Structures are given as structure tokens and as C-alpha cells.
Protein chains: 2
Amino acid sequence: MEIRTDYADGNYTIHVDYGILEASISEYIAAYSSVHFLVDQNVYALYKDSLLSFVQHPIILEGGEASKSFDAFKHITETLLERGIKRNHLIVVIGGGAAGDAGGFAAATVLRGVDYIQVPTTLLAHDSSIGGKTAINSGHGKNLIGAFHRPKAVIYDLSFLETLPHHELLSGFGEVFKHALLKDEETVRTLMDATRTKISLDMMKPFIISGIETKMHYVTTDEKESGIRKFLNLGHTLGHAIEYKYRMPHGMAVMLGLYFMMYASNEKAARNIFDLDSFRQYFELHGYPLEHLKAIDEVEMMTLMGKDKKNQSSDATGFVLMNDFGQCYFTEIDSNQLKKYISQLKESL
Amino acid sequence: MEIRTDYADGNYTIHVDYGILEASISEYIAAYSSVHFLVDQNVYALYKDSLLSFVQHPIILEGGEASKSFDAFKHITETLLERGIKRNHLIVVIGGGAAGDAGGFAAATVLRGVDYIQVPTTLLAHDSSIGGKTAINSGHGKNLIGAFHRPKAVIYDLSFLETLPHHELLSGFGEVFKHALLKDEETVRTLMDATRTKISLDMMKPFIISGIETKMHYVTTDEKESGIRKFLNLGHTLGHAIEYKYRMPHGMAVMLGLYFMMYASNEKAARNIFDLDSFRQYFELHGYPLEHLKAIDEVEMMTLMGKDKKNQSSDATGFVLMNDFGQCYFTEIDSNQLKKYISQLKESL
Ligand SMILES: NC(=O)c1ccc[n+]([C@@H]2O[C@H](COP(=O)([O-])OP(=O)(O)OC[C@H]3O[C@@H](n4cnc5c(N)ncnc54)[C@H](O)[C@@H]3O)[C@@H](O)[C@H]2O)c1
Ligand SMILES: NC(=O)c1ccc[n+]([C@@H]2O[C@H](COP(=O)([O-])OP(=O)(O)OC[C@H]3O[C@@H](n4cnc5c(N)ncnc54)[C@H](O)[C@@H]3O)[C@@H](O)[C@H]2O)c1
């Protein structure tokens, strides 16, 4: 399966399937005079003798968020330079969203920008590898230093997903679910039906592809997030605060954030757009820790949300809410109102 | 004097004159909800009670290259974030080319890009502040990590130049001279006439403006340096190697590089495009240390030039040479040839 982006120029292809990596990548590599592989250490340990046996002399990235520190950024760029990287070389980044963000930022900045290919290896990275956002973390919050740098291709070999720990699958599923919400009610229903008893990989491929298409629609229409790209932050405003506070995998925190979004959307619209009971049962059945929502501290969450880089003012907090499945709007909720929503939500649980 | 860039979109104005900073900048600041000043420490010390008395709570950058380290990058971005920078704020960078590069890179990457204004305070920065290139230094060479990020304006208040040490004036003049060479013989002659006895600020303004116009022509035609922007590297290939080896101010090293460029251009064309004797006398009269050219080691220089990020192959070195005043071409010189040129140049001095 191949999906092509739809920018005015600088388009790229997203290849999605099982067992496609080596064949797909060799075509790209052929066009460059040299290639540098940046590989998540856990992924390399698991696949160096199988899917990644063709990878020569990789630069190993610490697994997960550790690759998104300033020190790791320095290490990655200095190693690329030590190896004599030139502007006509290619960088291939293999790993989850964290490796993709860190490797992508290195590719964006070394020699002021070198071509790169994303090879996502987690379910969540069906989201993070699309759209050209790259970043590292600051002491003041996640993803606060970064760049927009589109890859030359995304090669999403679903075979990698088989070794994903279950909580990482759940995390990635948070974004799959968000993309379904952004699309329409039909997609949400089908997805929930397909996962009625458990969330597993077997049924995931069509939803991954649909998720990629949804994300692509938003990022090609509004690359730099001045308008509708913001809608991709559905569930993320509170999600980020929860992720930060409870050190929970990104997509799991997003799922909690989505639940709050549903609650607030119902309140704002003064009607039941979302049947909260059924969503709560569904989330709890699959192990999303809604109990954390009961324990959150209103003021602490509001402080953390105020630091979110998408929030441009400090007295009100910007939120993406929904009028209906597939219909987002952006709104600012003032502090009193927000505090009330959070308290009510806690009581309702 | 105002010069307007000529991109397809995202244009900005370059304001050049004496005593214009405070008035010009207030118009821009008015459009933003907050402003953060990044100021070179030497410039702040000199002007905090005069030209910069309106600047509140600046973030102080170490003077010169020290502001272009990884550590300084971390310090600048973390301080901006600590101060609560948002996407709708403005950054104003005040200082020489180094502060401009470092502050510009911070502006390019914090929150994935915030608007900024360049306020150059050195003669050299008439060059570095135009064109949107930003960078920090690597252990493997200068400017190897960076981004393209156009300023929203350049406010070049020539009053700052009065405190510039003479060697910094000479350094900046190297780029003024390069821009004259890139323009035409007439401009070079007029410039040399105006500086027959000494290089001083009095006569500089028209040449600064002409230099800015020349640079702008190249950067707007070819922002990302895939073609003619390379011509701005006239004199820089050997210049960078000399700068690195002798820790000489950038533009002084460039002037030495320009002399080598003239030599090699004459050789390549097998005719006297440049009257080397007269240029040598002129450069020496003004204190450009041509004697370093006599002492350079061919192999060392070639190794350093091979590391230049503009050099995409390793057996030959890319150079910009001239067929005539104002007429550049790009060529690769193979190692043997290059070694011969350098040896011959050394003997000729
Ligand atoms: N750029 C964007 O648009 C964007 C969007 C969403 C999220 N993100 C970022 O993505 C990151 C989260 O990504 P993630 O959830 O993929 O986390 P991750 O990259 O941290 O990976 C999670 C863990 O799984 C391991 N892993 C990766 N692939 C594996 C595999 N195939 N088998 C076994 N283990 C594997 C990793 O080593 C890591 O320990 C966050 O840093 C977030 O900020 C970026
Ligand atoms: N981005 C580009 O396109 C580009 C182009 C050329 C050069 N550069 C970069 O520019 C830098 C060189 O710039 P530079 O020559 O301005 O050097 P600089 O910024 O290092 O300044 C030189 C010294 O002069 C001091 N200074 C600055 N303004 C002063 C003033 N008005 N009075 C007294 N002292 C003052 C500084 O503190 C510093 O000590 C290099 O890092 C080079 O890589 C960038």
C-alpha cells in the first residue's frame, strides 16, 4: 500500500505493509552517494539479525525519550559530522516516535538540512512519522525545540510491530482512535466493533491507513499549524499534562485527554454528542487508566496546560473540542470554567 | 534607506541608517504580544545607556563565537522557554554575525520557529544578517548545525559601528570587498579609490548598501544554496581553512581567500583577469596578513577544505572562481592541481 502526500511541492510516499523495508529502502538509497542509519537501540537489539541485517554501522540512539535530550542531539549531530556527512547523503531514522523526532531534528539541522527517511517501528509512529514535525525536549516541557522538516519517504514496515509491548500498543492505539474520531462516527463504530474484546494487531492495518490519510489531510492543508492542523491536538492539551505528571506513554495519556474532550464537548454543546458511559467502559476494558483522571489536581493540570506551546495566552486555555464526530472547533476556555469542568469530570467517574 | 527583499512571499525590509534602531523597532514590536531581546554582551556593555536604553531585561549572549556553542544554544533556548516564550512573541537579536547566527538558530528552533528581527552591530553583519542562514558550531567545524529562518526585518543601525575595533572593521570590509567583486569592476575601482589611504566608516554607507543589494540578489534567487548562492562563497573555501587554522576574524581570512581566488582564476583562465600586484599592495597596505599565505601547509589546508560542508566529494574541492569581475563560475579542482596552485601562490609572495 502506498499513500502519496499532496503538498504543492516536495511530496513524498508513505509505504505501509509487512516485510517491505529492505526492498523499499534500497531504491531510495541508490539515489544518494552515502547513507547514515540512526536506529533506536531496543529496535536494533531485536532486529539486527533479521529485518535490519542489511543495516551497516548504525548510529545507535538511546531508546525512547532519552534520545530527545540536548545531549543526545549533540551526540547524534557530532557523530554524523565525524562520519563525514555531506549534503548529498541520506539519513534513515529507524525507531518509534521518539527516535523519529530526535533523528528528524538532527537531519533538519545538520548542515542546515539533509534528506531523511522515516522508518517508524511503533504503532504510535503511524502518527508521528507523518507531517514533518521534529523536536527534542526542553527542561520546560516536551517537544519545545524543533523544526519542520519533511522526510523524503516514510517506510512503515508493520512487521516491526510484533515485538511491541502491550502498553506501547495501547499507547499507539490512542492516536488511531483519535484519527477515527477526527474522521467520522462510522469509523469510530467500526474500530470499536473490531476491538470489542481486545486490541490486537490483526485488525489494525486498515485503521492505520485510514489514520495516516486523516493526518495527512490536516498536515498538507496546514503544514505550519496556523489553522486546522491544530485539530490534531484533539485530546492533547490535557493529555500532555497527564503524560508529564504521570510519566505515562503518550497515546495512553491522549486517550484520557480524549475522554475529557468528550466530556467538555458535551458540556459546551449542552447535549450528549458522546455517550460517555459507553466510551468509559470501552477505555477501561482495554486498560486505559481512567482512574488517574479521578486523582488529578485541577490547579496543577491547569499550570501544566498553560505551558503547552500551543497556548498563546495565559488566562485562558486553548482546546480543540467537537460539535460532532469528525467536526472539530477551536475554543479558549477560561480558568474558572476549566476548573469546573475538571472537577465535574472527577466527580462523574 | 530601506531595501525590500524580493522572494515569492515572506518578504522583509532591511532598514539601513544612523540612529534608527529605537524608532524602527517599536513599529514591529507593536504587532506582537511580547518581545525577547538577545544581546551580545560587549554590545550591551557599550550601549546599554545610549542606543539600547529602551531594551528591557535582555538575555545576554557571550560575545562572538562563544555564543555559537551547543551549551550556549541550550542556555538561550531554555532561558526563552523559562521566560514563557509563545509562538506569537518576537525575538530581537542584537550583535555581530555570531550573535545573529546563534540567536537566529534559537529563533528558528524554539517552539519550532518564532519570528525574529536581526539588529546587526558589526560591519561584517551587513552580510551575515541577510539571507536567513543561521547556525551554531560543531567540534568538526564552524556553522555545521543550523537552519534557514528568514528574519521579519533587519534593522542595521550604523551608529553601532563606531565602537568597532579596527580589526573587526577590516574583517567586515573583507565581505564588502567580496560583494564589490561580485558586482562589477567599476564598483571595485570606486571602492579601492575611496579607501586609497585608509579604510574608515565615513565612506562606507553606499558600499554597505550596494553589498546588501548584491547579497540579496543571490539569496532571493537561490535561498537554499542549490545554485548561484554558492557564488557568495567566493574566497571562502580557503578562507574558512585559514580562519580555522589561524583563528583570524572571518572577513580577514576571506580577504586572503579572495587573493587566492584571484590567483587561481588567472591560472585557470590563463590570462590576467586580476592584476595581482596591485591587489597585493592594497591588501598589505590595509593590514591584511598576506604573510600567512606564505606559511600555510598545502596538505593541512586541503584537509580542512575537504571538511567544508559545501564540498560534496572528497577527491576534488569545489571552488568559486571568476572569469571576470562580476562573473563567477563553480568548478572542482582536483588535489594535485590544488596543491600546485597553493605552492605556486606561496612562492609568488
Ligand atoms: N512528530 C510528531 O508529529 C509526533 C506526534 C506524536 C508523538 N510524537 C512523539 O513520539 C514519541 C512517542 O513515540 P512512541 O510512542 O513511538 O515512543 P518511543 O519512540 O519512545 O518508543 C517506545 C518504546 O518502544 C521501543 N520500541 C520501538 N519500536 C519497538 C518495536 N518494534 N518493538 C519493541 N520495542 C520497540 C522504544 O525503544 C521505546 O523504548 C514522543 O516523544 C512524542 O512526543 C511526535
Ligand atoms: N549567517 C550568515 O549568512 C553568515 C555570513 C557570514 C558570517 N557569518 C558568521 O558571522 C560571524 C562573524 O561575525 P562578526 O564578524 O560580526 O563577529 P562577532 O559577532 O564575533 O563580533 C566580533 C566581536 O565584536 C564585538 N562587537 C559586536 N558589535 C560591536 C560593536 N558595535 N562595537 C564593539 N564591539 C562589537 C563582539 O562582541 C565580538 O567580540 C561568524 O560566526 C560567521 O560564521 C554568518
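What you see is a predicted model, and the numbers here were worked out from it, not measured in a lab. Position numbers for residues start from 1 in each chain and track the written sequence from start to end. Ligands are numbered from 1 and chains lettered from A, in the order in which they are written. Local features are withheld for residues below a pLDDT of 70 in this predicted model, meaning they are given only at 70 or higher, and side-chain atom pairs are given and counted only at 80 or more; totals for whole chains, interfaces and linings count all residues. The basis for every side-chain value is the complete set of heavy atoms in the structure, and neither hydrogens nor water enter the calculation.

Enquirer: Quick question: what am I supposed to make of the site of ligand 1 here?
Expert: Residues and elements named next belong to chain A. Within the structure, ligand 1 sits among 27 residues, and Asn42, Glu65, Gly97, Thr122 and Thr163 are positioned closest to it. With respect to ligand 1, the side chain of Asp40 contributes an N or O atom lying 2.8 Å from an oxygen atom. Interatomic distance of 2.8 Å between a side-chain N/O atom of Thr121 and a nitrogen atom of ligand 1. Working definition of accessibility: Shrake-Rupley area with a 1.4 Å probe, residue cover restricted to the visible protein chains. Here ligand 1 loses 90% of its free accessible area of 860 Å² to cover by the protein chains. Numbered from the N terminus, helices here are DSSP runs of H or I no shorter than four residues, and strands are runs of E no shorter than two. Among the secondary structure elements, those contributing two or more residues to the shell around ligand 1 are helix H2 (41–47), helix H4 (97–109), helix H5 (125–128) and strand E8 (141–148). The nearness test applies per residue and asks whether one of its heavy atoms lies within 4 Å of the molecule or strand. Under this definition, polar contacts are N or O atom pairs within 3.5 Å; protein pairs additionally need one hydrogen-donor-capable and one acceptor-capable atom, and for neighbouring residues in sequence, both atoms have to be side-chain atoms.

Enquirer: What is the right way to look at the packing of helix H10 (residues 250–269) of chain B against helix H11 (residues 276–285) of chain B in this model?
Expert: Helix-helix packing: each pair is described by the crossing angle between the helix axes and the interaxial distance. All names here are of chain B. Running from N to C, H10 and H11 cross one another at 175 degrees; their axes reach a closest spacing of 11 Å. One way to sum up the angle between H10 and H11 is to call them roughly antiparallel. Of H11, the residues touching H10 (which contributes Met255, Tyr259, Met262, Tyr263 and Asn266) are Leu276, Phe279, Arg280 and Phe283. Throughout this entry, Asp, Glu, Lys and Arg are counted as charged residues, while Ala, Val, Leu, Ile, Met, Phe, Trp, Tyr, Cys and Pro are counted as nonpolar. The remaining residues, Gly among them, count as polar. Looking at the contact of H10 with H11 residue by residue, the classes come out as seven nonpolar, one polar and one charged. For helices, the axis comes from a line fit to the C-alpha atoms of the stretch in contact; other axes are also lines fit to C-alpha atoms, and the angle between any two N-to-C directions lies between 0 and 180 degrees. If an angle is under 35 degrees, it is roughly parallel; if it is over 145, roughly antiparallel; if it lies from 65 to 115, roughly perpendicular; otherwise it is oblique. In what follows, a contact means two residues having at least one pair of non-hydrogen atoms within 4.5 Å.

Enquirer: When you look at the pattern of salt bridges in this model, what are you seeing that I'm missing?
Expert: Any two side chains of opposite charge can pair if their charged atoms end up close together. Salt bridge criterion: a side-chain nitrogen from Lys or Arg within 4 Å of a carboxyl oxygen from Asp or Glu. Within this structure, the stated rule accounts for 26 salt bridges over all chains. In this structure, B:Asp17 and B:Lys205 form a salt bridge, with 3.1 Å as the shortest nitrogen-oxygen distance. Remark: B:Lys205 occurs in helix H8 (residues 205–221) and B:Asp17 occurs in strand E2 (residues 13–17); sequence separation between them is 188 residues. The network of salt bridges with common partners includes A:Glu65, A:Lys142 and A:Glu243.

Enquirer: Which parts of the structure should I look at to understand the sheet that holds strand E4 (residues 59–61) of chain B?
Expert: Picture the strands of a sheet paired through backbone hydrogen bonds; they go either parallel or antiparallel. Residue and element names in this part refer to chain B. The pairing criterion is simple: DSSP has to find at least two bridges between the two strands. Strands sit in the order E1-E2-E9-E6-E5-E3-E4 across an open sheet of seven strands; the sheet is mixed. Two strands close off the open sheet at either side, each with one partner strand: strand E1 (2–4) and E4. Here the average twist between neighbouring strands, direction ignored, is 15 degrees. Both strand E6 (residues 115–120) and strand E9 (residues 153–157) contribute to a ladder of two bridges, which runs parallel. Paired with Ile117 across the two strands is Ala153, which belongs to E9. The strands touched by H8 within the sheet are E1, E2 and E9, with E2 carrying the most contacts at an inclination of about 165 degrees.

Enquirer: Can you walk me through the site of ligand 2 in this structure?
Expert: Residues and elements named next belong to chain B. Near ligand 2 there are 27 residues, and of these Asn42, Glu65, Lys68, Gly97 and Thr122 occur at the shortest range. In the environment of ligand 2, a nitrogen atom lies 2.8 Å from a nitrogen or oxygen atom belonging to the side chain of Thr121. Contact distances for ligand 2 include 3.0 Å between a nitrogen atom and a backbone N or O atom of Lys133. Breaking the shell around ligand 2 down by element, the ones donating at least two residues are helix H2 (41–47), helix H4 (97–109), helix H5 (125–128) and strand E8 (141–148). Considered class by class, the residues forming the shell around ligand 2 number seven nonpolar, eleven polar and nine charged.

Enquirer: I keep staring at the relation of the copies chain A and chain B and nothing clicks. Help me out?
Expert: Mapping between the two chain copies consists of a rotation about an axis together with a translation along that axis. With an RMSD of 0.0 Å, the fit of chain A onto chain B corresponds to turning through 180 degrees and sliding 0.0 Å along the axis. Both copies of the chain, as the preceding transformation shows, are related through a two-fold rotation axis. Interface overlap between copies: 97% of the residues of chain A at the interface are likewise at the interface in chain B, consistent with a symmetric, same-surface contact. For this overlay, a least-squares fit was computed on C-alpha atoms, restricted to residues scoring pLDDT of at least 70 in both copies.

Enquirer: Would you take a moment to explain the interface of chain A and chain B for this structure?
Expert: Each side of the interface is counted separately: chain A has 36 residues, and chain B has 35 residues. Seen at the junction of chain A and chain B, the total is zero salt bridges. Taken together, the connections running from chain A to chain B amount to twelve residue pairs in polar contact (both at pLDDT 80 or more). The element contributing the most residues to the side of chain A that touches chain B is helix H3 (residues 70–82) of chain A, with seven residues. Class assignment for the residues of the side of chain A that touches chain B results in twelve nonpolar, twelve polar and twelve charged.

Enquirer: Is there a simple way to explain the domain arrangement of chain A in this structure?
Expert: A common way to express how large an interface is: the accessible area buried when the components associate. Residues and elements named next belong to chain A. Segment limits for the domains were obtained from an automatic or database-derived domain assignment. Taken domain by domain, chain A holds domain 1 (2–161) and domain 2 (166–348). If you look at the interface, domain 1 gives 26 residues, while domain 2 gives 30 residues. Buried area is understood as the total, over both parts, of accessible area removed when two parts are fitted together, assessed with a 1.4 Å probe. Together domain 1 and domain 2 conceal approximately 2,500 Å² of surface at their shared face, both sides included; 68% is due to carbon and sulfur atoms. Between domain 1 and domain 2 we count five salt bridges in total. For the pair domain 1 and domain 2, the interface holds eight residue pairs in polar contact (both at pLDDT 80 or more). At the level of elements, strand E1 (2–4), strand E2 (13–17), H5 and E8 are the ones that each hand at least two residues to the side of domain 1 that touches domain 2. No other element matches E8, which puts four residues into the side of domain 1 that touches domain 2. Tallied by class, residues from the side of domain 1 that touches domain 2 come to 13 nonpolar, six polar and seven charged.

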